[in-house]
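Chain by chain, the residues:
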Amino acid sequence: MITLTKLPFAENVIEPFLSAETIQCHYGKHHTGYVNKLNELIKGTEFDKMSLAAIIRGADGPIFNNAAQIFNHSFYWSCLGENSSAPEGKLLEKIDNDFGSLEALKEEFIKMGTTLFGSGWVWLVREPKGELMIKQTSNAHTPLSSNLIPIFVCDVWEHAYYIDYRNARPDYLKEFWEHINWELASQIYAKTDTELLIGVEPCSDIHDLFCQLLDEIQAGDRVTS
Ligand code: MN
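Model, not experiment: these values are computed from the prediction. (Residues numbered from 1 in each chain as written. Predicted model: local features only at pLDDT ≥ 70, side-chain atom pairs only at ≥ 80, totals over all residues.)

Undergrad: Lay out the overall build of the chain with the relevant residues and their values.
TA: Helix and strand content of the chain: nine helices and three strands. Nonlocal contacts in the chain, meaning residues at least 24 apart in sequence, comprise 69% of its contacts between residues at least 6 apart. (Helix = DSSP H or I, 4+ residues; strand = E, 2+ residues; numbered from the N terminus. Contact = placed C-beta atoms within 7 Å.)

Here it is in structure tokens:
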């Protein structure tokens, strides 16, 4: 049984970036729908007692799609900040090193989000050797399936922005950039910047560790209002 994670902020506090109507529909209908559907699909199967990360690694077809969408959405909500912030410490240094500047990362991230064809997600990830990169994934696909640690993500399915931005995906991406929870991103980067987490094989325990880390960070820092 997989449970729906709580929204880490009240549904109207990130307006006008995202309206309460968008949150009600996106979280209340889409994200909730994936949780209900997955629980229906895994009932009585080998996946019934597994963690979400294990289901994502072990399943394909509809079970994979619903499980991956649940992780992607939970992570997306945690990546959104109520107030604007900025990357700190090691993460900022690494961004300067790998992209040239924060501004250059922003430009590239918005470009990648805009050019992703169809439905999907655009991520800042760190790859196994520690480099930061921007990655597009289509439909439900998630870096948890490969050996990549997500730093933050933007949902570019139309359901994420159509109520507030109609077809103007670049405008949504620009506003997203102003609402990144850099505190969380900086913490993920700092805590995973260890030899233990770099260079491990795909489908090892890294993602369970990542999920634990995320739980820990969220439990410590985010207040549900
Ligand atoms: Mn979505």
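Now, onward.
Undergrad: Give a detailed account of the packing of helix H5 (residues 102-115) against helix H7 (residues 169-177), specifying residues and quantitative values.
TA: The N-to-C vectors of H5 and H7 enclose an angle of 145°; their axes lie 9 Å apart at closest approach. Crossing angle aside, the handedness with which H5 passes H7 is right-handed. For the pair formed by H5 and H7, the contact residues are Lys106, Ile110, Gly113 and Thr114 on the first element and Arg169, Pro170, Leu173, Lys174 and Trp177 on the second. Residues belonging to the contact of H5 with H7 are distributed by class as follows: four nonpolar, two polar and three charged. (Axes fitted to C-alpha atoms, helices over the stretch in contact; angles between N-to-C directions. Left-handed = near helix turned anticlockwise from the far one by under 90°. Nonpolar A, V, L, I, M, F, W, Y, C, P; charged D, E, K, R; others polar.)

Undergrad: So what's going on with the nonpolar core? Residues and values would help.
TA: Counting residues in hydrophobic clusters, the biggest one holds 54 residues, and the most contacted among them are Ile56, Ala67 and Ala185. In terms of residues, this core owes the most to one element, helix H3 (residues 61-78), which gives eight residues. Once residues within four sequence positions are removed from consideration, Ala67 is found in contact with Leu38, Leu52, Ile55, Ile56 and Ala59. (Core = buried A, V, L, I, M, F, W, Y, C linked by C-beta atoms within 7 Å. Buried ≥ 20, exposed ≤ 12 C-beta atoms within 10 Å, placed from the backbone.)

Undergrad: Give me the lowdown on the pairing of strand E2 (residues 132-138), citing residues and values where you can.
TA: Each regular strand shows side chains that alternate between the opposite faces of the sheet. In this sheet, E2 lies alongside strand E1 (residues 120-126) in antiparallel orientation, the contact comprising seven bridges. Each residue of the ladder has a partner; that of Trp123, found in E2, is Lys135. (Pairing = 2+ DSSP bridges.)

Undergrad: Please give an account of the environment of Trp77 that cites residues and values.
TA: Mapped onto the elements of the fold, Trp77 is located in helix H3. Sequence separation of Trp77 and Phe9 is 68 residues, and the distance between their C-alpha atoms is 8.5 Å. Residues in contact with Trp77, not counting those within four places in the same chain, are Leu7 and Pro8.

Undergrad: Which residues make up helix H1 (residues 20-42), and what are the values?
TA: Between its first and last C-alpha, H1 extends 31 Å over 23 residues, near the 33 Å set by a 1.5 Å rise per residue. In the structure, H1 departs most strongly from a straight axis at Thr32, where the bend amounts to approximately 30°. Along H1, the residues classified as buried are Thr22, Ile23, His26, His31, Tyr34, Val35, Leu38 and Ile42. Where H1 is buried, its residues contact H3 and helix H6 (158-165). Just beyond H1, the residue with positive phi is Gly44, at close to 75°. (Expected span 1.5 Å × (residues − 1). Bend = angle between axes of the 7 residues up to and from the residue.)

Undergrad: I'd like to hear about the pairing of E1, residue by residue, with values.
TA: Counting buried positions over the seven residues of E1 gives five, a clear majority of the element. Relative to strand E3 (residues 149-155), E1 runs antiparallel, the two sharing six bridges. Within E3, the residue paired with Val122 across the bridge is Cys154.

Undergrad: Could you give me a rundown of H5, with the residues and numbers involved?
TA: With 14 residues, H5 extends 20 Å between its outermost C-alpha atoms, agreeing within 8% with the 20 Å of an ideal straight helix rising 1.5 Å per residue. If you check which residues of H5 are buried, you get Phe109, Ile110 and Gly113. The arc that holds the buried residues of H5, viewed along the axis, is 95°, so those residues lie on one side. If you follow the buried residues of H5, they end up packed against E1, E2, E3 and H7. (Arc of directions from axis to C-beta.)

That's the geometry; what it means functionally is another story.
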